[in-house]
Amino acid sequence: MKIGIVGAGMAGLACAEGLAGQGHDVALFDKGRGPGGRMSTRRVPTLAGEASFDHGAQYFTVRDAAFRARVDDWLARGAVAPWPAAGEGAYVGVPAMNAPIRQMAEGQSARWATPVTRLERSSAGWRLVLGAGESIVVDIAVVATPAEQAAALLASVAPDFAGRAASAPSAPCWTAMLAFAETLPTAVDCLEGGEADILGWAARNRSKPGRTGPEAWVLQAGPDWSRRHLEADAEWVALALSAAFSQWLGLALPATISRGAHRWRYARAGVESVEGSGALWDADRRLGLCGDWLVGARVEGAWMSGTLLAGRIAAGPREAGAP
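This report concerns the structure included in the present document. (Residues numbered from 1 in each chain as written. Predicted model: local features only at pLDDT ≥ 70, side-chain atom pairs only at ≥ 80, totals over all residues. Heavy atoms only, no water.)

Okay, the overall build of the protein chain next. Summing up its helical and strand segments, the protein chain has 8 helices and 18 strands in all. For 323 residues, the compact-globule formula gives about 20 Å, and the C-alpha radius of gyration of the protein chain, at 20 Å, lands near that figure. Principal-axis analysis of the C-alpha atoms places the extent of the protein chain at approximately 65 × 40 × 35 Å. Within the span of the protein chain, comprising 323 residues, buried residues form 53% of the whole. Relative to all contacts within the protein chain whose residues are 6 or more apart in sequence, the contacts with residues 24 or more apart total 65%. (Helix = DSSP H or I, 4+ residues; strand = E, 2+ residues; numbered from the N terminus. Rg over C-alpha atoms; globule rule 2.2 N^0.38 Å. Buried < 20%, exposed > 50% of the residue type's maximum accessible area, 1.4 Å probe, protein only. Contact = heavy atoms within 4.5 Å.)

Pasting the structure below:
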């Protein structure tokens, strides 16, 4: 069957891998410019060379046995490596956080910078209406976006699924990216604060395996602070987080050679109120949902949800497990 997947982050690509392995014709659509989603890396030219910032997910961990096998494959391919600074069992993509996502996207039919603005029922299954006015007809539609985006997309065509998604609101996160011409005089490579703190996380990007370039730090605000200042000016946010970082370290920061900020509206997924679903699949409507909000706010959770949905779709109606 022809299957259209809205969202090509970890969940969507995991689902695509599982379905393609069963012989289905899978097409992915993502509004982003390339693979990554929240496992993104930003590269910025500076006078000291290109600075790189893993400005989304900082690392991931492994608990599930099936995901362990997938991570072992990435390790063998050199796409991930341990990052001891974040603790035992922490892994990062190499040479950037989006490396595993890029490997998963290879060989898939994915269209980037292509938002899906509407879903419509059709005689064949579903019509995906794209941002440019183009439409694609598929037998099965899968929505693999953050919960808030899934709720909006499904409100008129699947209000029950939209309600499930609406029950799992995400926490936002402001992220500042600072590059310096000199190494900061601290032996600590990452610091973690609390949810109520201005600064919830700070990491020296160059301490991660495979990173090169000038001294670069990623500063992530706590969720409470991010909510209060969600609509603030990006430059003001970068300066506020820089001041908090300086105070945290107890030293004056040198002049930056690059400074910027990025607002993640849907940074950390909530978990839906109905426990144990993992993924949503309705065989009669030929509609599925997957994402970390159905398992847990982890990279692993996104992979598990997409893989589980692929298995339910491939199993057919008898084992579909429609909620």
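A word on the side chain of threonine 145. Note that threonine 145 resides in the loop between strand S11 (140-143) and helix H4 (147-154). You can call threonine 145 buried: its relative accessible area is 11%. In contact with threonine 145, not counting residues within four places along its chain, are Val6, Gly7, Ala150, Cys290 and Trp293.

Counting residues in hydrophobic clusters, the biggest one holds 45 residues, and the most contacted among them are Ile5, Met10, Phe60, Trp74 and Val142. Tallying contributions element by element places helix H1 (residues 10-20) first for this core, with 7 residues. Those residues in contact with tryptophan 74, other than ones at most four positions away along the chain, are Met10, Phe60, Phe67, Ala79, Val80, Pro100, Gln103 and Met104. (Core = buried A, V, L, I, M, F, W, Y, C linked by side-chain atoms within 4.5 Å.)

Here we come to the packing of H4 against helix H5 (residues 159-166). With their axes 8 Å apart at the nearest point, H4 and H5 run at an angle of 160 degrees to one another. Taken together, the axes of H4 and H5 are roughly antiparallel relative to one another. Seen along the crossing, H4 lies across H5 with a hand that is left-handed. Residue-level inspection shows Ala147, Ala150, Ala151 and Leu154 of H4 in contact with H5, the latter providing Pro159, Phe161, Ala162, Ala165 and Ala166. Residue composition of the contact of H4 with H5, grouped by class: 9 nonpolar, no polar and no charged. (Axes fitted to C-alpha atoms, helices over the stretch in contact; angles between N-to-C directions. Parallel < 35°, antiparallel > 145°, perpendicular 65-115°, else oblique. Left-handed = near helix turned anticlockwise from the far one by under 90°. Nonpolar A, V, L, I, M, F, W, Y, C, P; charged D, E, K, R; others polar.)

Next up on the list: helix H7 (residues 234-249). Taking 1.5 Å per residue, 16 residues should reach 22 Å; H7 reaches 22 Å between its end C-alpha atoms and fits that length. Turning to H7, its buried residues number three or more, namely Val237, Ala238, Leu241, Ser242, Ala244, Phe245, Ser246 and Leu249. Among the structural elements, strand S12 (171-180), strand S13 (190-192), strand S14 (199-204), strand S15 (215-221), helix H6 (223-228) and strand S16 (256-268) are those in contact with the buried residues of H7. Where H7 begins, one side-chain oxygen reaches toward the backbone nitrogen of glutamate 235, 3.1 Å away; that side chain belongs to aspartate 233. Note on H7: the residue one or two positions beyond its end, glycine 250, has a positive phi of about 75 degrees. (Expected span 1.5 Å × (residues − 1). Polar contact = N/O pair within 3.5 Å; in protein donor to acceptor, adjacent residues only side chain to side chain.)

The next point concerns H4. Regarding H4, the residues found buried are Ala147, Ala150, Ala151, Leu153 and Leu154. Along the long axis of H4, the arc covered by the buried residues comes to 170 degrees, so they all point the same way. Check the buried side of H4 and you find it contacts strand S1 (2-6), strand S8 (116-121), S11, H5 and strand S18 (287-289). (Arc of directions from axis to C-beta.)

With that out of the way, let us pick up the environment of phenylalanine 245. Tracing the backbone shows phenylalanine 245 in helix H7. Taking relative accessible area as the criterion, phenylalanine 245 reaches 0% and is therefore assigned buried. With 53 residues separating them in the primary sequence, phenylalanine 245 and glutamate 192 have C-alpha atoms 11 Å apart. Once you skip the residues sitting within four places of it in the chain, phenylalanine 245 turns out to touch Leu184, Leu191, Leu199, Ala202, Trp217, Leu219 and Leu253.

Attention shifts here to the packing of H1 against helix H8 (residues 299-315). A pair of packed helices is captured by two measures, namely the crossing angle of their axes and the spacing between those axes. Across the interface, H1 lies against H8 with an axial gap of 7 Å and an inter-helix angle of 35 degrees. Crossing of H1 against H8: the hand is right-handed. On H8, the residues touching Met10, Ala11, Ala14, Cys15, Gly18 and Leu19 of H1 are Val299, Ala302, Trp303, Gly306, Thr307, Leu309, Ala310 and Ile313. Residues of the contact of H1 with H8, tallied by class, amount to 11 nonpolar, 3 polar and no charged.

Strand pairing in a sheet takes place through backbone hydrogen bonds and is either antiparallel or parallel in direction. Here 5 strands make up an open sheet; going across it, the order is S13-S14-S15-S12-S16 and the pairing antiparallel. Both edges of this open sheet fall to S13 and S16, since each of them pairs with a single strand only. Strand after strand, the sheet turns through a mean of 15 degrees between neighbouring axes, direction not considered. In this sheet, S15 lies alongside S14 in antiparallel orientation, the contact comprising 5 bridges. Across the sheet, alanine 203 pairs through a bridge with valine 218, a residue of S15. Set on the sheet, H7 makes contact with S12, S13, S14, S15 and S16; between it and S16 the angle comes to about 100 degrees. (Pairing = 2+ DSSP bridges.)

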